[in-house]
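# Overview (structure and organization)
Chain residues, written in single-letter form:
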Amino acid sequence: MAHDLTFTGERFVPGIEGEIVYEHVHRYAFARRYAAGRRVLDAACGEGYGSAILAGAAREVVGVDIDPATVAHARASYASVRNLSFVEGSAAKLPLPDASVDLVVSFETIEHLEAGDQTRMLAEFARVLADDGTLVLSAPNRPEYSASRGYVNPFHRHEHDRAELDRLLDAHFPARATRTRPRSSSSRPRCESTSTALD
């Protein structure tokens, strides 16, 4: 059913080929280690393939996306995965109760929001996470992703360098560590932490 969603070059849709597959699927493979037996939120889940990957290890997964057609597609595509559900909603105003998840996964989402909504999104992640919860988040590092290549992504509202992102995270996620992966022409930095992982 992935053919029902149009690939825009920004939102990954299974069935396309190339490096973009690695860039998207590996993030969920990385996050899966944190999902075992936990209640998981996949924020801005898109088509749902990543939520399904996480559901293979998690107790339950809820994917949230702002686009109604994408949520409908995800529900239909992954209806057979019993511990997986999809809900329409904004990452800056999550339709979930306080402390209702143990893991929040948010890959390549923050840069799609205006600066004010970015702080609201992080506050929402902190609100829905249990006290011992974990955030796994990825974002392009502006100096590597855009500035070094003279590239402007029309879908991105506000990108950060690593220090800017760290300052944003400090309010709700002060404990974190960084790991970067080798850079290819289109790869992006990533980092991980015991309470926050950034990819």
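A short tour of the structure in this document, coming up. Each chain has its residues counted from 1, running along the sequence as written. Given that the model is predicted, a residue must reach a pLDDT of at least 70 before its local features are reported, and side-chain atom pairs must reach 80 or more before they are shown or counted; all residues, however, enter totals for whole chains, interfaces and linings. Based on all heavy atoms of the structure, the side-chain values leave hydrogens and waters out of the count.

## Topic: the overall build of the protein chain
- We count a stretch as a helix when DSSP gives it H or I for four or more residues in a row; a strand needs E for two or more, and each element gets its number in order from the N terminus. Within the protein chain, the regular secondary structure consists of six helices and six strands.
- In what follows, residue pairs with any heavy atoms lying within 4.5 Å of each other are defined as contacts. Long-range contacts, defined as pairs at least 24 residues apart, comprise 61% of the intrachain contacts of the protein chain with a sequence gap of at least 6.
- Of the roughly 9100 Å² of accessible surface on the protein chain, a fraction of 53% belongs to carbon and sulfur atoms. Methods summary: accessible areas were calculated by the Shrake-Rupley approach with a probe of 1.4 Å, and residue burial reflects only the protein chains presented.

## Re the environment of Ala-36
- Among the secondary structure elements, Ala-36 is positioned in the loop between helix H1 (19-35) and strand S1 (39-43).
- On the accessibility criterion, Ala-36 (52% relative accessible area) is exposed.
- Counting along the chain gives 23 residues from Ala-36 to Arg-59, while the straight-line C-alpha distance between them is 7.1 Å. Remark: exposure states derive from per-residue accessible area (1.4 Å probe, protein chains only) relative to the maximum for the residue type, with buried under 20%, exposed over 50%, and partly exposed in between.

## Section: the pairing of strand S3 (residues 84-88)
- DSSP bridges decide pairing: two strands pair if at least two such bridges lie between them. Sheet topology places strand S2 (residues 60-65) next to S3; five bridges connect them, and they run parallel. Paired with Gly-63 across the strands is Phe-86, a residue of S3.
- Following the chain from S2 across helix H3 (residues 68-77) to the adjacent parallel S3, one finds a crossover that is right-handed. Look down the strands so they point away from you; if the path from the first strand over the helix to the second goes clockwise, the crossover is right-handed.

## A look at the side chain of Glu-47
- In this structure, Glu-47 sits in the loop between S1 and helix H2 (49-55).
- Glu-47 sits in the buried class, given a relative accessible area of 3%.
- Polar contacts involving the side chain of Glu-47 include one to the side chain of Tyr-78, which spans 2.9 Å. Distance and chemistry together define a polar contact, namely a pair of N or O atoms within 3.5 Å, with one atom able to donate a hydrogen and the other to accept it when in protein, and with adjacent residues in sequence counting only for side-chain atoms on both sides.

## Some points on the packing of aromatic side chains
- Centres within 6.5 Å make a pair out of two Phe, Tyr or Trp rings, where for Trp the six-membered ring is used; the pair is then stacked when the planes are under 30 degrees apart, edge-to-face when over 60, and tilted otherwise. Considering all chains together, one arrives at four aromatic pairs under this definition.
- Pairing Tyr-28 with Phe-107 gives two aromatic rings, centres 4.9 Å apart and planes at 85 degrees, and the pair type is edge-to-face. Taken together, the positions of Tyr-28 in helix H1 and Phe-107 in strand S4 (residues 101-107) put the pair 79 residues apart, joining distant regions of the chain. By the burial criterion, Tyr-28 is buried, and Phe-107 matches it.
- What links up through ring pairs into an aromatic cluster is the set Tyr-28, Tyr-49 and Phe-107.

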